[in-house]
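Close look at the chain arrangement
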Amino acid sequence: MRVEKFKIWLAWLCGGIIWLMITNATKHLHIVSVITQVLLVVFGVLFTIAAVSMTRRLNRKDDEARKEILGGL
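Values in this document were obtained by computation on a predicted structure and should not be read as measured data.

1. With respect to the environment of Thr36
Within the element layout of this structure, Thr36 appears in helix 2 (residues 30-71). Note: C-alpha distance between Thr36 and Trp19 (17 residues apart in sequence) is 8.2 Å. Ignoring anything within four residues of it in the chain, the contact list for Thr36 reads Trp19, Ile22, Thr23 and Thr26. A distance of 2.9 Å separates the side chain of Thr36 from the backbone oxygen of Ser33, its partner in a polar contact.

See the structure below:
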């Protein structure tokens, strides 16, 4: 489960870095800069919610597996 969580958050981090590079590259184009900044915030919030949700699901799955194994003792 740890590897899956790591992959989720690594993808989140890489995506954020790419969005920051795009936003930085368009900072001199006034209208495009505003649009990319708004998209950065909106997508950043949405992707963070998705990453937290996937991590919580993996935690629940891990807890259920642990209870199943420990309950059988």
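Further notes follow.
2. Some points on the pattern of salt bridges
Side chains that differ in charge, positive against negative, can pair when their charged atoms come close. Tallying each qualifying case throughout the model produces two salt bridges. Ionic pairing is found between Asp62 and Arg66, a salt bridge with its closest N-O pair at 3.0 Å. Taken together, the residues Asp62 and Arg66, both in helix 2 and four residues apart, mark about one turn of the helix. Judged by its relative accessible area of 23%, Asp62 is partly exposed. Judged by its relative accessible area of 42%, Arg66 is partly exposed. Between Asp63 and Arg66 there is a salt bridge, with the nearest N and O atoms lying 2.9 Å from each other. Here Arg66 and Asp63 lie together in helix 2, a separation of three residues that amounts to about one turn. A relative accessible area of 35% places Asp63 in the partly exposed class.

Conventions and cut-offs
Residues numbered from 1 in each chain as written. Predicted model: local features only at pLDDT ≥ 70, side-chain atom pairs only at ≥ 80, totals over all residues. Heavy atoms only, no water. Helix = DSSP H or I, 4+ residues; strand = E, 2+ residues; numbered from the N terminus. Contact = heavy atoms within 4.5 Å. Polar contact = N/O pair within 3.5 Å; in protein donor to acceptor, adjacent residues only side chain to side chain. Salt bridge = Lys/Arg side-chain N within 4 Å of Asp/Glu carboxyl O. Buried < 20%, exposed > 50% of the residue type's maximum accessible area, 1.4 Å probe, protein only.

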